[in-house]
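Structural overview for review
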Amino acid sequence: MGTPSNVVTTSLSSVQKRHLIRSKRVPMRKIINISVLTMIAAVFFMPLWWMADTSLLSNQQVFDYPPHYIPWHPQWTNFIAAWDQPYFSRYMLNSIIIAVAIVIGQLVTSSLAAYAIARVPFRGKKIAYGLILATFMIPVQVTFIPMFLMMKEFNWIDTYQALIVPFLGSAFATFWLVQAFRQVPQVILDAAQMDGAGHMWILTRIVLPMCKPSLLSVAFLNFVFHYNDLFWPLITTQSNSMRTVPVGLTYMIANDGSGTSWSTLMASSLLAILPALLLFFIGQKYFVQGTAHTAIKE
Amino acid sequence: MQKLAIYSLTFRQKNTLIGWSFVLPAVGLLSVFGIGSIAYVLYLSLLRWNLIDPTPTFVGLANYNQLLHSTSFLHAILRTLFYLVVSTGITLPLSLFLAVLLHEPFRGVRIFRALFFIPYVAPTVASAIAWSWLFEPHHGLINYFLRVFHMPAQPWLGSPNQAMLVIILLYVWQFTGYFIVLFLNGLQNVPVPLYEAAQMDGANRWQQFYRVTLPMITPTLFFVMTMSIIFSFLSFDQVYVLTNGGPADSTTTIIYYLFLQGFQFFHIGIAAAVAVLLLLFLAVITYLQFKGESKWVHHQM
């Protein structure tokens, strides 16, 4: 919030001045704000910290009373045990493979479509965009039954195709990129066209580089969504070698009591969070801005 | 210009060809898996079929009739409504409050924003496992705290009255950070001069929030509310991991009901009918949102 300039202040009545002076007592207010924030943040952080703490305790310490708030003797071997669980690394690999494949596919199909919709005047554009927008509001969960039957029909159950192909088109990503591509100044595109550049050249050399933040944020959000998804992999995978991390984790809880301890479970959960978390911290600046930007500009 | 007019016809044809070939992959995929699925699910909802029968029986609207007369389904609807009202009722004010606090810059503000956003990034399954450990009746941290304050330990996920509460808290924890980001963006668009004017008029902080901030962010407010309702409506992972719909069906929401019917009992027709009803409900919400938005949106730019 900007402070009023001196010119304004001098022409104020004494009452107004008093209000301005009062409003300048920012530090005290800030201290209260930050303390309130810290308290709430501590509550929010608690489950994450407890997860990390438990993942470093020994199997006996987990059940100690009172609990160990800080793992003074961290059992790093819990992470090795978590990683060594049968198929765990395969689950991680599967999740990353499908999320990356989906994101790359979506970026290709959506940037092509978004470019045409934002920048190419063509007959039937309204119909094409209408079709895309019509699917925007369909939640995937509603389509899982028919999609499951289609996968059965294609003999794709328990294959990568079933996990990847249905999601290669994304109305969300297309819509998002249309908004972004429209903000590229027309003058630049006109100049390129004058020089004889084709649409493909303009898209890959001008539009995409200029819209990098939007591309990264949509990629990030869709990566997180598909990496984290449980429902679809749960119904389309059958063998251990095809399961993803979320599905694999649910099987590990189901096996609880027959070997998997809480500390191993927490270590597995932390490992499962890691890829998305790493991506988030690498590109935090883009993601938080991008997330807000296009979500509202509907 | 004159020259361009002569070539414009071929230009347009060329553009149409290019336009459609660019759009085709996305439109094709979305037509098959999006629109095709909706058509297919409508058809399936008219059948009685358990996947094993080679030939499904056409039963018309019997599935819908059966659903609307089934107490377990009606209870699932009521439970879902309760869930979405309470979870949105907590998440919305909380995230708005935190966004207002996080809006003013201070040293370390980004750490706080990241901290609230992490639960949204983490896989729900992983978070839910952590929550089931926190709320574990014998050794969980929550019951430990209760004992420290001389309160009786609770069964939490083992109790039909408390299991839903844990699921709601998990939802609040997961989505608050996402909604904070949306609110922060809304707050950024409130023109600073409005606050200055309000200050001149002697408005205190609460009045500034109530008279300036709130009216100016109504579009965001409305958007976040719709998103929250849809997200909670479709919450599946939380229920699947924490409670499996139990105890005694106390956490069987509509989406979980759909999962049970479709993929546990293989009542394909019934599950398809649930999906259609779900879609109808979401269509109504979306329609209301668009109608509401045209009423609320302030076009400042």
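This one's a predicted model, so the numbers in the text were calculated from it and none came from an experiment.

**Some words on the packing of aromatic side chains**
Across all of its chains, the model carries 52 aromatic pairs over all chains by this definition. Taking 6.2 Å as the distance between ring centres and 50° as the angle between the ring planes, the aromatic pair formed by Tyr144 of chain B and Phe145 of chain B counts as tilted. Accessibility expressed as a relative area gives 12% for Tyr144 of chain B, which makes it buried. Owing to a relative accessible area of 31%, Phe145 of chain B belongs among the partly exposed residues under this scheme. One aromatic cluster is present, built from ring pairs that chain together Phe220, Phe280 and Phe281 of chain A together with Tyr83, Phe117, Tyr120, Tyr171, Phe175, Tyr178, Phe179 and Phe231 of chain B. The ring of Tyr251 of chain A has Arg243 of chain A lying over it, and the distance from NZ or CZ to the ring centre is 3.9 Å.

**Quick notes on the UniProt feature "transmembrane region" (unreviewed entry) in chain B**
All names here are of chain B. UniProt records the feature "transmembrane region" (unreviewed entry) for residues 20-43, 81-102, 114-134, 163-187, 208-234 and 254-285 in the present numbering. The straight-line gap between the two end C-alpha atoms of residues 81-102 is 31 Å; of that span, 100% is helix and 0% is strand. For the annotated span residues 163-187, helix accounts for 100% and strand for 0% of the residues, and the straight-line distance between the end C-alpha atoms is 35 Å.

**Comments concerning the interface of chain B and chain A**
How big an interface is tends to be expressed through the accessible area that disappears when the partners come together. Taken together, the 95 residues of chain B in the interface contact 101 residues of chain A. The contact between chain B and chain A buries some 9200 Å² in all, and 80% of this surface belongs to carbon and sulfur atoms. It is Phe22, Phe33 and Trp133 of chain B that lose the most area in chain B upon contact with chain A, and together they represent 9% of the buried surface on that side. On the surface where chain B and chain A come into contact, there are 1 salt bridge. In this structure, Arg29 of chain A and Glu104 of chain B form a salt bridge, with 2.9 Å as the shortest nitrogen-oxygen distance. The interface formed by chain B and chain A contains 9 residue pairs in polar contact (both at pLDDT 80 or more). Of the residues forming the side of chain B that touches chain A, the biggest block, 24 residues, is contributed by helix α1 (residues 2-44) of chain B.

**Side note on the UniProt feature "transmembrane region" (unreviewed entry) in chain A**
Residues and elements named next belong to chain A. Feature annotation in UniProt assigns "transmembrane region" (unreviewed entry) to the following positions: residues 31-52, 91-115, 127-148, 160-181, 202-225 and 262-282. When the span residues 160-181 is considered, its composition is 73% helix and 0% strand, and the gap between its end C-alpha atoms is 32 Å. For the annotated span residues 262-282, helix accounts for 100% and strand for 0% of the residues, and the straight-line distance between the end C-alpha atoms is 30 Å.

Rules and cut-offs
- Per-chain numbering applies: the sequence of each chain, read as written, is numbered from 1 onward.
- Each chain takes a letter, starting from A, and each ligand takes a number, starting from 1, following the order in which they are written.
- Local features in a predicted model are, by the rule used here, given only for residues with pLDDT of at least 70; side-chain atom pairs are given and counted only at 80 or more, and totals for whole chains, interfaces and linings are based on all residues.
- In computing side-chain properties, one takes all heavy atoms of the structure into account and sets aside hydrogens as well as water.
- Pairing of aromatic side chains requires ring centres within 6.5 Å, counting the rings of Phe and Tyr and the six-membered ring of Trp. Pairs whose planes differ by under 30 degrees are stacked, by over 60 edge-to-face, and all others tilted.
- For the exposure calls, accessible area comes from a 1.4 Å probe over protein chains only, and a residue counts as buried if that area is under 20% of its type's maximum, exposed if over 50%, partly exposed in between.
- Whether a charge sits over a ring depends on NZ of Lys or CZ of Arg being within 6 Å of the ring centre and within 35 degrees of the ring normal.
- UniProt positions are given in the numbering used here, feature names are shortened, and annotations may be inferred rather than shown by experiment.
- The helix and strand labels rest on DSSP assignments: H or I over at least four residues marks a helix, E over at least two residues marks a strand, and numbering proceeds from the N terminus.
- We call two residues contacting when some pair of their heavy atoms lies within 4.5 Å.
- Joining two parts hides part of their accessible area as seen by a 1.4 Å probe, and the buried area is that hidden amount summed over both.
- Salt bridges are counted wherever a side-chain nitrogen of Lys or Arg sits within 4 Å of a carboxyl oxygen of Asp or Glu.
- N or O atoms within 3.5 Å of each other form a polar contact, as long as, within protein, one can give a hydrogen and the other can take it, and as long as residues adjacent in sequence are counted only when both atoms are side-chain atoms.

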